[in-house]
Amino acid sequence: MRLVSRVLIAVLVVAFLAPPAHAWFRTPATRFATLPPGAAHPEGITADADGNIYVTTFAVAGTSSGVGQIFVFNKHGRLIREVNVAASSTFLLDLAFHPESGVLLVLDFGASKVLSVDPVSGASTVFSDISAGGQPGLNVLTFDRDGNVYVSASFAGAIYKIAPGGGLAAPWVQSDLLTTTGVPGFGANGLAFNRAQTTLFVNNTGNDTVVKIPVNGNGTAGTPAVFVNAVNGADGLIVDDHDNLWIAANQADEIVVIDPSGRTIAKLGDFNGLDRDGAPLGLLFPASLVFSGPFVYVTNLAIDLRLFGAANATGDSPWTADVKVHTISRIPAFIPPIHGLPRH
C-alpha cells in the first residue's frame, strides 16, 4: 500500500511539473489610441505607408457632423485629424488604400456604396453603388494583384467584385455558407486572399466559421467550403507572410491565429474589464485589424447588440453598454511558441 502511495505521489508530481501539452500565452492587448469625446464604436481600420492609422466609426447614435467620420492617428497614437466624409451615412465600415491608384476606399454600410474619399478633406465620390435591390450589408473589402476590389456582403451572403477603376459591382460568389441566422447577425464579413491568391478566406460571423473559396485559373470562384468552425464571432481577417490567418473573434474578445492547415496556433489578447473612465482594458468586441510595423492594431467596436433587438444579447452586452470611452488596441505581431506544435 505504501508503494502504491509513493507511485501515485510521483505521478502527480510529474504531472504538475510537466509543461502543458496545449496552452496559450496570451500576449496582452494594450491601448494604442482613444477616440475624441462624443465619437464611438470604432470599426474599420487601415494603415498608410508612414504608419498612420485610419479608423472609421459605426456611429449608431450619429456624429457631430451628421456624416460618417474617419479618425487618423500617428504611429504614437496621437490624433492627427478628424475627417468628415461628405455625402455619407454615419455607418462606415471597412476602408483601405487601393494598391495601384492609392485611392482611399471606404464602405458606406448605411448607403450600400463604396466611396472614394480624400483622406484629408473628406470629399467623396461614388466608386461603386451596390444599393439596388435592398440592403446587402457591405462589410469588408480587399484586392487581388490586378487591382480588382472584392467586397463582402453580410446580408446578401455574397462577395462582389469591382474593376480597379470602380463602376458596376458583380456578384463573384454567392453561397448559403456566407449567410447566417446566428448572433451577431452578420454572414460574410472579414475576407483576405492567401499569399498566392489561389484562395479567398471569408469569415461568417454569425456561424462562427471561416469559409474557404478556391480561385479558379480564370479568376472565377470555385465551390465554397467550411475551412474552420467555432471561431466565436469571426469578424475581421488578415493574412501574414506565412499564410497564417489572424481573426478578430468579437464574442471571445481575442485574436485567433490559424495556420494554413487549419490548426489554431495562437490566441492573443483578452478582455480585462473597464477602467474608471469606462474604457475597455484589452479587447472588447474586436472588429477589425491591420498589420503596421511590429504591431497588429485592433478596433474595439464595443457595441451593445441589444440595440438591434433583445434576442441579440450576448455576455458582452452589459459590458459594452457601460463603455464611455472608445479605444483602439494593439498587440505585438508575434506568435508565441506553443508546446506540442509539430516542427516543419
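## Digging into the overall build of the protein
In step 1: Helix and strand counts for the protein stand at 2 helices and 26 strands.
In step 2: Relative to its length of 344 residues, the protein is compact, with a C-alpha radius of gyration of 21 Å against a globular reference of 20 Å.
In step 3: Over its C-alpha atoms, taken along the principal directions, the protein stretches across nearly 85 × 55 × 40 Å.
In step 4: Across the 344 residues that make up the protein, the buried fraction comes to 53%.
In step 5: A separation of at least 24 residues holds for 51% of the contacts in the protein among residues at least 6 apart in sequence.
In step 6: Averaging the positions of the 19 positive and the 26 negative side-chain charges in the protein gives two centres separated by 11 Å.

## Concerning the pairing of strand S8 (residues 113-117)
Regular strands place side chains that alternate from one sheet face to the opposite one.
In step 1: For S8, a buried count of 4 out of 5 residues is recorded, marking the element as mostly surrounded by other parts of the structure.
In step 2: Strand direction decides the pairing type here: strand S7 (residues 104-108) and S8, joined by 5 bridges, are antiparallel. Of the residues in S8, the one forming a bridge with Asp108 is Lys113.
In step 3: The turn linking S7 back onto S8 is made up of 4 residues, and Ser112 within it adopts a positive phi angle of 55°.
In step 4: Across 5 bridges, S8 lies against strand S9 (residues 124-129) in antiparallel orientation. The residue bridging Lys113 from the neighbouring strand is Asp129, located in S9.

## Description of the confidence of the model for the protein
In step 1: In this model, the protein carries a mean pLDDT of 93, and residues with pLDDT of at least 70 account for 93%.
In step 2: Segment residues 1-21 is flagged for pLDDT under 50; beyond a separation of four residues in sequence, or across chains, it makes 4 contacts in the model.

## Brief notes about the sheet that holds strand S19 (residues 245-249)
In step 1: Across the sheet, which stays open at both edges, the 4 strands sit in the order S18-S19-S20-S21 with antiparallel pairing between neighbours. In this open sheet, the two strands that pair with only one neighbour each are strand S18 (234-239) and strand S21 (264-268). When the angles between neighbouring strand axes are averaged without regard to direction, this sheet yields 20°.
In step 2: Here S19 runs beside strand S20 (residues 254-258); their pairing, made up of 5 bridges, is antiparallel. By the bridge assignment for S20, Ile247 is matched with Val256.

## Some words on the packing of aromatic side chains
In step 1: Enumeration according to the criterion identifies 14 aromatic pairs in this entry.
In step 2: Grouping aromatic residues by their ring pairs yields a cluster made of Phe58, Phe91, Phe109, Phe155 and Phe186.
In step 3: The aromatic ring of Phe295 is capped on one face by Arg330, whose charged end is 3.9 Å from the ring centroid.

## Examining the sheet that holds strand S11 (residues 149-153)
In step 1: Pairing is antiparallel in the open sheet, where 4 strands are placed in the order S10-S11-S12-S13. Sheet topology places strand S10 (138-143) and strand S13 (169-174) at the edges, where each strand pairs with a single neighbour. Ignoring strand direction, the axes of neighbouring strands in this sheet form an average angle of 30°.
In step 2: With 4 bridges joining them, S10 and S11 adopt antiparallel strand pairing. Among the inter-strand pairings, Leu138 is bridged to a residue of S11, identified as Ala153.

## Details of the pairing of strand S24 (residues 286-292)
In step 1: Buried residues dominate S24, accounting for 6 of its 7 residues.
In step 2: Bridge analysis of S24 against strand S25 (residues 295-300) gives 5 bridges, and the strand direction is antiparallel. Bridge pairing links Val290 to Tyr297 in S25.
In step 3: A loop of 2 residues connects S24 with S25, the two strands running antiparallel in sequence, and Gly293 in this loop sits at a positive phi of about 60°.

## Some points on the nonpolar core
In step 1: Leu105, Val114, Ile130, Leu141, Val149, Val151 and Ile162 are the most contacted members of the largest nonpolar core, which has 16 residues in total.
In step 2: Elements with a minimum of two residues in this core: S7, S10, S11 and strand S12 (158-162).
In step 3: Apart from residues lying up to four places away in sequence, Ile130 is in contact with Ser112, Lys113, Val114, Pro136, Leu138, Tyr160, Ile162 and Ala169.

## Examining the pattern of salt bridges
In step 1: For the structure shown, the criterion picks out 4 salt bridges.
In step 2: Where Glu254 meets Arg26, a salt bridge forms, and the shortest distance between an N and an O atom there is 2.8 Å. Pair noted here: Glu254 is in strand S20 and Arg26 is in the loop between helix H1 (2-17) and strand S1 (30-34), with a separation of 228 residues, a long-range link.
In step 3: Judged by its relative accessible area of 31%, Arg26 is partly exposed.
In step 4: Measuring nitrogen to oxygen at the nearest pair gives 3.0 Å for the salt bridge that ties Arg306 to Asp304.
In step 5: According to the relative accessible area criterion, Asp304 is buried, its value standing at 11%.

Conventions adopted
- Residue indices follow the written sequence of each chain, beginning from 1 at its first position.
- The model is predicted, so local features are restricted to residues of pLDDT at least 70 and side-chain atom pairs to those at 80 or more, both for listing and for counting; the totals for chains, interfaces and linings are taken over all residues.
- The side-chain numbers reported here are obtained from all heavy atoms of the structure, hydrogens and water having been left aside.
- Secondary structure counts use DSSP, requiring at least four H or I residues in a row for a helix and at least two E residues in a row for a strand, with both numbered from the N terminus.
- Atoms counted for the radius of gyration: C-alpha only. Globule rule: 2.2 Å times residue count to the power 0.38.
- Each residue's exposure class comes from its accessible area (1.4 Å probe, protein chains only) as a fraction of the maximum for that residue type: buried when under 20%, exposed when over 50%, partly exposed otherwise.
- Between two residues, a contact is recorded if the distance between any of their heavy atoms is within 4.5 Å.
- Note on charges: Lys and Arg go in the positive column, Asp and Glu in the negative column, and His and the chain ends are not counted at all.
- Just so you know, the charge point we use is NZ for Lys, CZ for Arg, CG for Asp and CD for Glu.
- Strand pairing is assigned whenever DSSP identifies at least 2 bridges connecting the two strands.
- The predictor rates its confidence in each residue with pLDDT, a number between 0 and 100.
- Fitting a line to C-alpha atoms yields each axis, with helices limited to the stretch in contact; the angle taken between N-to-C directions then spans 0 to 180 degrees.
- Each Phe, Tyr or Trp ring (for Trp, its six-membered ring) is paired with any other whose centre lies within 6.5 Å, and the angle between the two planes then decides the class: stacked below 30 degrees, edge-to-face above 60, tilted in between.
- Counted as over-ring charges are cases with an Arg CZ or a Lys NZ within 6 Å of the ring centre that also lie within 35 degrees of the ring normal.
- Throughout, nonpolar core names a set of buried Ala, Val, Leu, Ile, Met, Phe, Trp, Tyr and Cys residues whose side chains join them through atoms within 4.5 Å.
- Any Lys or Arg side-chain nitrogen located within 4 Å of an Asp or Glu carboxyl oxygen qualifies as a salt bridge.

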